[in-house]
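One-letter residues, chain by chain:
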Amino acid sequence: MRLTTLGTGTASPSTRVNAGHLVEAGAVTLLMDCGSGVAHRMGELGANWLGITHLAFTHFHPDHTLDLTTLMFAWRYGALPPRSAPLTILGPVGTAQLIEQFAAIYGDKVKDPGFPVTVRELAPGERAELGDGVTIEAHKVPHTAESVAYSVERGSARLVFTGDTAFDTAVAEWARGCDVLLAECSLPEQLAVPTHLTPAQVGVMAEVAEPGRLVLTHFYPPVLDEDIAEIIALRYSGEVVIAFDGWSTDIEER
Ligand SMILES: [Zn+2]
Ligand SMILES: [Zn+2]
């Protein structure tokens, strides 16, 4: 399994684009979230955007969803022959309605782009088979009403992506022992809000989850002025990666 962090930023302009994380496992190419800039970041990095088989939304905030429309047009007009391979869009309950709302603004091609599109809504606790031994499971997180974290597994490889979340030991317990915990790390202590994580909170969650590696994403620029790794090391002694757009790693499938 290979993870590439495409978009490690937020709505705040910086060298990091909005949320987007690519998982390649066997025949599955899964894009988790697609905020603004993710489509073009894939082009810049030479990522396999044409080959994406599954798209999974963690929640409906614009920094995680706005490039859906961009990708639908890219898949239709961005290559010859135009895409014919099916696409499955996964997401929390309400995902079908979100796509209807995009279609109401930008036209029916968003939901009917000339190749088969299937929408599969996952309630918290639900698991879906993506093919070739890859599964995805959703877990409720406190951020918006619909927000979920995802666990993506193939063989022994397990990647957990928190999506956007507030401090929550339940999701950390659910993630326990995963190979990679891909966690949001939005804001420094001085800007802390009840819906996102600070480095200290991530540290406590990582202490509970005990992942093989902790990979951080979803940075508002001020948090990057903190010594994030030092703060987290007070609670978690494993490897900490401050990811950037284009960072990638292999997760062994034993
Ligand atoms: Zn959000
Ligand atoms: Zn976000």
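Everything quoted here is computed from the prediction, not taken from an experiment.

Asks: I keep staring at the overall build of the chain and nothing clicks. Help me out?
Replies: Scanning the chain from N- to C-terminus turns up seven helices and 14 strands. Taken against the 2.2 N^0.38 rule, which gives 18 Å for 254 residues, the C-alpha radius of gyration of the chain at 17 Å falls within 12% of a compact globule. With 254 residues in all, the chain has 54% of them scored as buried. In the form shown here, the chain has an accessible surface area of approximately 10,200 Å², with 53% of it arising from carbon and sulfur atoms.

Asks: How do you make sense of the coordination of the zinc ion (ligand 2) when you look at a structure like this?
Replies: Geometry sets the ideal angles at a metal, namely 109.5 degrees for four tetrahedral donors and 90 or 180 degrees for six octahedral donors. Coordination of the zinc ion (ligand 2) by the protein comes from Asp63 (OD), His64 (NE2), Asp164 (OD) and His218 (NE2), over a distance range of 2.1 Å. Donor residues for the zinc ion (ligand 2), ordered by position in the chain, follow D-H-x99-D-x53-H. Separation of the zinc ion (ligand 2) from the zinc ion (ligand 1) amounts to 3.4 Å, with Asp164 serving as a shared donor to the pair. Taken as a pair, His64 in helix α2 (residues 62-65) and His218 in the loop between β12 (213-217) and α7 (228-233) lie far apart in primary sequence, 154 residues in all. On the accessibility criterion, His218 (3% relative accessible area) is buried.

Asks: What is the right way to read the pattern of salt bridges from this model?
Replies: Side chains carrying opposite charge are able to pair once their charged atoms draw close together. Using the criterion set out here, one finds 12 salt bridges in the structure. Taking the shortest distance from any N to any O, the salt bridge between Asp250 and Arg2 comes out at 2.9 Å. Here the residue Asp250 occupies a position in strand β14 (residues 247-250), and Arg2 occupies one in strand β1 (residues 2-7), the gap between them amounting to 248 residues. In this structure, Glu153 and Arg127 form a salt bridge, with 3.7 Å as the shortest nitrogen-oxygen distance. One end of the pair, Glu153, is in strand β9 (residues 148-154); the other, Arg127, is in strand β7 (residues 127-131), and 26 residues separate them in sequence. Its relative accessible area of 38% is what places Arg127 among the partly exposed residues. Look at the salt bridges and you will find they share partners, linking Arg127, Glu137, Glu153 and Arg158 into a network.

Asks: Just to check I follow, could you spell out the pairing of strand β10 (residues 157-161) for this structure?
Replies: Successive side chains on a regular strand alternate, one facing one side of the sheet and the next facing the other. Within β10, five of the five residues are buried, which leaves the element mostly enclosed by the surrounding structure. Side chains Ala157, Leu159 and Phe161 project from β10 onto one buried face, and the interleaved Arg158 and Val160 project onto a second face that is buried too. Bridging between β9 and β10 involves five bridges; their strand directions are antiparallel. Pairing of Val152 across the sheet is with Leu159, part of β10. The turn linking β9 back onto β10 is made up of two residues, and Gly155 within it adopts a positive phi angle of 60°. For β10 and strand β11 (residues 180-184), the ladder comprises three bridges, and the chain directions are parallel.

Reading the values: rules and limits
- Sequence positions are assigned chain by chain, starting from 1 and proceeding in written order.
- All chains are assigned letters beginning with A, and all ligands numbers beginning with 1, in the order in which they are written.
- With the structure being a predicted model, the display of local features is reserved for residues of pLDDT at least 70 and the display and counting of side-chain atom pairs for 80 or more, all residues being used for whole-chain, interface and lining totals.
- To get the side-chain values, all heavy atoms of the structure are used, and hydrogens and water are removed first.
- Runs of H or I in DSSP of at least four residues are treated as helices and runs of E of at least two as strands, each being numbered from the N terminus.
- Based on C-alpha atoms, the radius of gyration is set beside the globule rule, defined as 2.2 Å times the residue count to the power 0.38.
- Think of it in three bands: with a 1.4 Å probe and only protein chains considered, a residue is buried below 20% of the maximum accessible area for its type, exposed above 50%, and partly exposed in between.
- The method behind every accessible area is Shrake-Rupley, applied with a 1.4 Å probe, and residues are considered shielded solely by the protein chains displayed.
- Any N, O or S atom lying within 2.8 Å of the metal counts as a donor, with the limit raised to 3.2 Å for Na, K and Ca; because water is left out of the atom set, some sites can appear incomplete.
- Within this document, salt bridges are pairs made up of a side-chain nitrogen of Lys or Arg and a carboxyl oxygen of Asp or Glu, the two lying within 4 Å of each other.
- Two strands form a pair only when DSSP identifies at least two bridges running between them.

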